[in-house]
Amino acid sequence: MQTVELTEPGVFEHRERDRPDPEPGELLVRTTHVGICGSDVHYYEHGRIGDYVVEDPLILGHESAGEVAAVGEGVTGFEPGDEVTLEPGVPCGECARCRAGEYNLCPDVEFMATPPDHGAFAEYVAWDADFAYRLPENVSTRAGALCEPLSVAIHATRRADVELGDSVLVSGAGPIGMLVGEAVRAAGAGSVLVSDVVGTKLERAEAYGATATVNVADESLAEAVDDFTDGEGVDVVIEASGAAASIESTVDVVRRGGTVVCIGLSAEDEIPVETNEIVDKELDFKGSFRFRNTYDDAVSLLERGAVDVERIIDFEMPMSDLTAAFERATEPDVVKGMVTVGE
Ligand SMILES: NC(=O)c1ccc[n+]([C@@H]2O[C@H](COP(=O)([O-])OP(=O)(O)OC[C@H]3O[C@@H](n4cnc5c(N)ncnc54)[C@H](O)[C@@H]3O)[C@@H](O)[C@H]2O)c1
Ligand SMILES: C[C@@H](O)[C@H](N)C(=O)O
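Keep in mind that what you see is a predicted model, and the values were worked out from it rather than measured.

*Asks:* Sorry, what's going on with the site of ligand 2 here?
*Replies:* If you check the shell around ligand 2, you find C37, S39, H62, F111, E148 and R290 and nothing else. Here an oxygen atom of ligand 2 and a side-chain polar atom of E148 are 2.8 Å apart. Taking R290, its side chain carries an N or O atom lying 2.7 Å from an oxygen atom of ligand 2. Notes on ligand 2: free accessible area 250 Å², of which the protein chains cover 80%. Here the residues of the shell around ligand 2 sort into 2 nonpolar, 2 polar and 2 charged.

In structure tokens, the structure reads:
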């Protein structure tokens with residue numbers, strides 16, 4: 001089968017590998033769609049993210065969907081031809097965090113496209129059937145692949161305990177921020193203010209249903225939040241930019257007794273956050289890491305048309321042009337690139 005492998009920063013090689021056989025409990029999936037995530041682009045450009053270093057050729061891509069080609073021994077509930085989306089992390093199932101149900105925090109998780117684990121820019125992937133989800137007829141594999149970033153958004157929305165009518169600031173209008181906007185609206189948020197530094201992304205966020213937007217490159221976030229909430233501060237901030245200035249400001253713009261959830265990962269080693277403000281305002285200040293138990297709900301949201309993930313896709317290119325697709329994905333106004341695999 002055809003794969004595309006990152007051999008060094010900026011270099012993809014197209015290779016032939018043996019098609020995997022599904023092990024007991026696994027499905028063999030013929031990949032059809034893979035979204036390009038910011039972390040894929042980071043590995044492509046730098047060959048590492050923190051301590052995760054690409055030392056051997058690595059197949060990137062972890063936002064994937066396709067068609068079941070074969071069913072491994074002992075697997076029930078799937079048959080060849082079923083369209084599925086794959087949850088990219090398979091936890092150990094035995095550690096304390098897995099046993100507590102917080103399997104996204106498993107230290108031994110096998111996560112696609114995180115060295116040394118390969119991802120989905122390959123014609124076929126063999127994957128644990130417990131982490132495959134059948135797509136209903138009205139959900140395409142193109143949309144199904146985006147259950148992954150939608151899951152990041154659903155998990156953060158749950159961490160934020162968004163309640164009916166809440167005012168929410170979503171900081172960052174990249175793919176994660178855009179889908180957080182969708183997820184908090186689906187959860188009942190009453191109004192959503194989106195911030196970014198790129199005007200075209202904010203225009204898209206508005207077209208996507210944001211109540212208001214603020215370009216923090218030339219407007220004051222604090223003033224925009226004051227206007228938005230009559231000086232109260234927002235009930236919830238979901239930080240999805242990773243920008244230091246944004247992370248620092250979260251505790252200023254949230255209301256007393258409100259909630260801040262950080263998804264964004266910063267390039268800085270340290271960011272000063274006013275801990276006295278967290279105490280004085282009695283804030284819930286939380287992190288949100290990947291996702292757990294989100295895929296069934298992500299598929300259901302798509303099936304019911306409660307969220308639209310395809311609107312964030314800017315372009316679709318074939319895996320045979322993966323280098324060009326990754327170069328295009330780095331353009332500043334691009335939100336999401338989608339790669340098609342196979343014919
Ligand atoms: N916690 C997790 O599990 C998880 C999962 C996926 C992504 N992430 C992280 O979440 C963040 C968002 O992911 P993404 O793929 O959407 O990234 P992205 O880089 O595509 O989007 C970030 C957006 O933030 C905007 N931005 C920059 N400075 C800003 C500022 N001061 N205020 C507001 N917006 C600003 C950028 O213009 C961009 O549109 C990244 O830091 C990523 O690493 C975390
Ligand atoms: C969760 C996933 O989208 C993220 N890029 C990660 O590797 O953690």
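Additional details are given in the paragraphs that follow.
*Asks:* Honestly, the pattern of salt bridges in this entry has me stumped. Any pointers?
*Replies:* For side chains bearing opposite charge, pairing can occur when the charged atoms are close. Using the criterion set out here, one finds 17 salt bridges in the structure. In this structure, E67 and R30 form a salt bridge, with 3.6 Å as the shortest nitrogen-oxygen distance. Here R30 lies in strand β3 (residues 26-36) and E67 lies in strand β6 (residues 63-71), a separation of 37 residues in the sequence. Given the relative accessible area of 26%, E67 is considered partly exposed.

*Asks:* What am I meant to see in the site of ligand 1 here?
*Replies:* Taken together, 24 residues sit near ligand 1, with D196, K201, L265, S288 and R290 positioned nearest. In the model, an oxygen atom of ligand 1 is placed 2.6 Å from a nitrogen or oxygen of the D196 side chain. In isolation ligand 1 exposes 860 Å². Once the protein is present, 77% of that is buried. For the shell around ligand 1, the secondary-structure elements that each account for two or more residues are α5 (175-186) and β13 (191-196). The class makeup of the residues in the shell around ligand 1 is 12 nonpolar, 9 polar and 3 charged.

*Asks:* What exactly am I supposed to notice about the nonpolar core here?
*Replies:* Here is a general trend for soluble globular proteins: nonpolar side chains tend to be buried in one another's company. In this structure, L60, F121, I238 and F326 are the most contacted members of the largest nonpolar core, which totals 91 residues. In terms of residues, this core owes the most to one element, helix α4 (residues 147-159), which gives 6 residues. When residues of this core are sorted by domain, at least three fall in each of domain 1 (2-146 + 309-340) and domain 2 (156-287). Counting residues in each nonpolar core, the second largest holds 15 residues, with L169, A224, V234 and V254 among its members.

*Asks:* Even after reading the chapter, I still don't get the sheet that holds strand β17 (residues 284-287), so can you show me in this structure?
*Replies:* Adjacent strands of a sheet form backbone hydrogen bonds with each other and so pair up, either parallel or antiparallel. Judged by pairing direction, the sheet is parallel, and its 6 strands sit side by side in the order β14-β13-β12-β15-β16-β17 without closing on themselves. Edge positions in the sheet fall to β14 (212-215) and β17, since each has one partner strand and no second. Each neighbouring strand pair of the sheet contributes to a mean axis angle of 15°, computed without reference to strand direction. With 4 bridges connecting them, strand β12 (residues 167-171) and strand β15 (residues 234-239) associate as parallel partners. Each residue of the ladder has a partner; that of V170, found in β15, is I238. Along the sheet, helix α6 (residues 199-207) contacts β13 and β14; its crossing angle with β14, the most-contacted strand, is approximately 175°.

*Asks:* Would you mind showing me how to read the UniProt feature "domain: Enoyl reductase (ER)" (unreviewed entry) in the protein here?
*Replies:* The UniProt record annotates "domain: Enoyl reductase (ER)" (unreviewed entry) at residues 10-339. Across residues 10-339, the secondary structure splits into 28% helix and 27% strand, with the terminal C-alpha atoms separated by 17 Å.

*Asks:* I tried to follow the environment of I154 on my own but got confused; where do I start?
*Replies:* As for its placement among the helices and strands, I154 is situated in helix α4. Residue classification places I154 among the buried positions, given a relative accessible area of 7%. For the pair I154 and L28, spaced 126 residues apart in sequence, the C-alpha to C-alpha distance is 27 Å. Those residues in contact with I154 that lie beyond four places of it in its chain are A183, T294, D297, A298 and L301.

*Asks:* Sorry if this is basic, but what is going on with the side chain of T114 here?
*Replies:* Along the chain, the position of T114 falls in the loop between β9 (110-111) and β10 (124-128). Among the residues examined, T114 registers a relative accessible area of 10% and is labelled buried. Those residues in contact with T114 that sit more than four places away from it in its chain are Y43, Y52 and R290.

Conventions used here
Residues numbered from 1 in each chain as written. Chains lettered and ligands numbered in written order. Predicted model: local features only at pLDDT ≥ 70, side-chain atom pairs only at ≥ 80, totals over all residues. Heavy atoms only, no water. Near = heavy atom within 4 Å. Polar contact = N/O pair within 3.5 Å; in protein donor to acceptor, adjacent residues only side chain to side chain. Areas by Shrake-Rupley, 256 points an atom, 1.4 Å probe, with all protein chains shown as cover. Nonpolar A, V, L, I, M, F, W, Y, C, P; charged D, E, K, R; others polar. Salt bridge = Lys/Arg side-chain N within 4 Å of Asp/Glu carboxyl O. Helix = DSSP H or I, 4+ residues; strand = E, 2+ residues; numbered from the N terminus. Buried < 20%, exposed > 50% of the residue type's maximum accessible area, 1.4 Å probe, protein only. Core = buried A, V, L, I, M, F, W, Y, C linked by side-chain atoms within 4.5 Å. Domains from an automatic or database assignment. Pairing = 2+ DSSP bridges. Axes fitted to C-alpha atoms, helices over the stretch in contact; angles between N-to-C directions. Contact = heavy atoms within 4.5 Å. UniProt positions renumbered as here; feature names shortened; annotations may be inferred.

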